[in-house]
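Overview (structure and organization)
Chain residues, written in single-letter form:
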Amino acid sequence: MGSLDTNPTAFSAFGDDAGFQPLNPEDVRAYLHKAVDFISDYYKSVESLPVLPDVKPGYLQKELRAAPPVSSAPFDVTMKELRNSVVPGMTHWASPNFFAFFPSTNSAAAIAGDLIASAMNTVGFTWQASPAATEMEVLALDWLAQLLRLPTSFMNFTSSGRGTGGGVILGTTSEAMLVTLVAARDAALRRSGSDGVAGITRLTVYAADQTHSTFFKACRLAGFDPANIRSIPTGAETDYGLDPARLLEMMQADVDAGLVPTYICATVGTTSSNAVDPVGAVADVAALFNAWVHVDAAYAGSACICPEFRHHLNGVEKVDSISMSPHKWLMTCLDCTCLYVRDTHRLTDSLETNPEYLKNDASESGTVTDLKDMQVGVGRRFRGLKLWMVMRTYGAAKLQEHIRSDVAMAKMFEDSVRTDNRFEVVVPRNFALVCFRIKPSSSGAIKTEEDADEANRELMERLNRTGKAYLAHTVVGGKFVLRFAVGSSLQEERHVRSAWDLIQNTTAEIIKEYTGAV
């Protein structure tokens, strides 16, 4: 590309008389109008774009200049480069043909909230630093807690006043796990009479083998000995959920060996197969050892705003913390993970900082929440605004309708798979994820499990190369399995039916090739 530098005096933000004005009101209005037009056009056209881009690593370095420009350029030039170079290299998570991983939902209200929060650019580390930002986050979290029918012990405010529990909006589930692990670690060290962190090598943590890999990473970051991180095997007999009897057996064995059970992570909706750990039964086992229980409901927690799915959280009143991510399935753009704890002091005791320059009367009074003391860092974004705007704009009924529609489409897909004898559904469908695969058949071209794994891998790769759909895979019970996750904000039944047609036709091609090779 040629030089994009132009005369800086051509733009209102760079006039000689006024000097550099990056927030010139007319520029703000003009730039944002163009950005909003781009966003609107993007959502209109994203369905027609290949879901996966056809680019090679390092492509953008070649498309755009390798060194930053010295002089200014019109905003139109910047937008042109965005359209011509960046968009073609995007994996389009917003596409209605995106069925990989879990959805990353969005909405007009969330985008507007994020835009306004970015414009205000508040850094709400303490209540005083931005009272409205703190109180909006507290309010939005309490609203969501009510939609989830969480016990009042998890709320910041109850009908009788300020509670002992509460929440904080973090960036990801990883952060929620890390801060609760640190709080549990410190509580266990105090309980066991450890001198400082000397006893950390005796602390043990537990999770099913289906638990997200970020848990095991967070354990290492929190200082737990990798030898004391227990991954409990699961199987088809529990639909890959955690078996409380096996958990009890493992925890008792650790106690007998002189170790200190410290933390258990139960999951509602695992990433691989959407398995659900029995929250209440896990909490009952943990209580025998005074261990912290955290519930990771990052994806499926959103579904629990619907009464018909709420039973998956039964027993939550017994746990110490729970997190869920509205940025996955509740129409709120990244990043937005809501962490609730029954006793905020157990979190703040481990994470509080109180430097002189942040001291103020409101914080000293103890009547406000300083959210910096419930997270790893100090600075934080105004995340509560977009979550509040989503709930305020759409209301519970529309959000429930969205969840139910996705589940209905997933059931439709599941029914289609079950009626085609070339396929099998590998685990019972929970929520809006279907795990399926081409199955081996002694009378067919694909006879062995090895053949089936190879065929399913080929199916996924061919589907993704078309650009008309994007699926991801997992391994369940030693089998290579395709994951079909419904939930993209723009998805309709026609997109699911079109993807199924593509799957059927591509499978027919693969089986024909296998037949010819036999």
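Per an unreviewed UniProt entry, the chain carries the name Aromatic-L-amino-acid decarboxylase and comes from Eragrostis curvula. Comment text from UniProt for the chain, heading Cofactor (unreviewed entry), reads "pyridoxal 5'-phosphate". Word for word, the UniProt comment on the chain under Sequence similarities (unreviewed entry) is "Belongs to the group II decarboxylase family."

1. Quick look at the pattern of salt bridges
In the structure shown here, the tally under the stated rule is 28 salt bridges. Across the salt bridge formed by Arg418 and Glu414, the nearest N and O atoms sit 3.2 Å from each other. Of this pair, Arg418 and Glu414 both sit in helix H13 (residues 384-418), four residues apart, roughly one helical turn. Taking the relative accessible area as the measure of exposure, Glu414 reaches 8% and is therefore buried. The network of salt bridges with common partners includes Asp114, Asp335, Arg381, Arg383 and Lys386.

2. With respect to helix H1 (residues 25-45)
One turn of an α-helix holds 3.6 residues; hence residues three or four places apart share an orientation. Counted at 1.5 Å a residue, the expected span for H1 with its 21 residues is 30 Å, and the 30 Å between its end C-alpha atoms agrees. Residues of H1 that are buried: Asp27, Phe38 and Tyr42. Projected onto a plane normal to the axis of H1, the buried residues spread over an arc of 40 degrees and lie on a single side. Among the exposed residues of H1, those oriented more than 90 degrees off its buried face are Pro25, Glu26, Arg29 and Lys44. Looking at the buried side of H1, the elements it contacts are helix H3 (75-86). A side-chain oxygen of the first residue of H1 lies 2.9 Å from the backbone nitrogen of Glu26; this N-cap is Asn24.

3. Some remarks on the UniProt feature "modified residue: N6-(pyridoxal phosphate)lysine" (unreviewed entry) in the chain
Listed under "modified residue: N6-(pyridoxal phosphate)lysine" (unreviewed entry) in the UniProt record, and renumbered for this structure, are Lys328. Relative to the elements of secondary structure, Lys328 occurs in helix H10 (residues 326-329). Its relative accessible area of 22% is what places Lys328 among the partly exposed residues. Contact partners of Lys328, with chain neighbours within four places excluded, come to Pro103, Ser104, Thr105, Ala298 and Tyr299.

4. As for the pairing of strand S7 (residues 292-296)
Burial within S7 is extensive, with five of its five residues counted as buried. On S7, burial covers both faces: Trp292, His294 and Asp296 on one face and Val293 and Val295 on the other are all buried. Bridge count for strand S6 (residues 260-267) against S7 is five bridges, and the pairing is parallel. When the sheet's bridge partners are listed, Ala266 is paired in S7 with Val295. Once you follow S6 into helix H9 (residues 279-287) and on to S7, the crossover reads as right-handed. Relative to strand S8 (residues 321-324), S7 runs parallel, the two sharing three bridges. Bridge pairing in S8 links Asp296 to Ser323.

Definitions and cut-offs
Residues numbered from 1 in each chain as written. Predicted model: local features only at pLDDT ≥ 70, side-chain atom pairs only at ≥ 80, totals over all residues. Heavy atoms only, no water. UniProt positions renumbered as here; feature names shortened; annotations may be inferred. Salt bridge = Lys/Arg side-chain N within 4 Å of Asp/Glu carboxyl O. Helix = DSSP H or I, 4+ residues; strand = E, 2+ residues; numbered from the N terminus. Buried < 20%, exposed > 50% of the residue type's maximum accessible area, 1.4 Å probe, protein only. Expected span 1.5 Å × (residues − 1). Arc of directions from axis to C-beta. Contact = heavy atoms within 4.5 Å. Polar contact = N/O pair within 3.5 Å; in protein donor to acceptor, adjacent residues only side chain to side chain. Pairing = 2+ DSSP bridges. Right-handed = clockwise from strand over helix to strand, strands pointing away.

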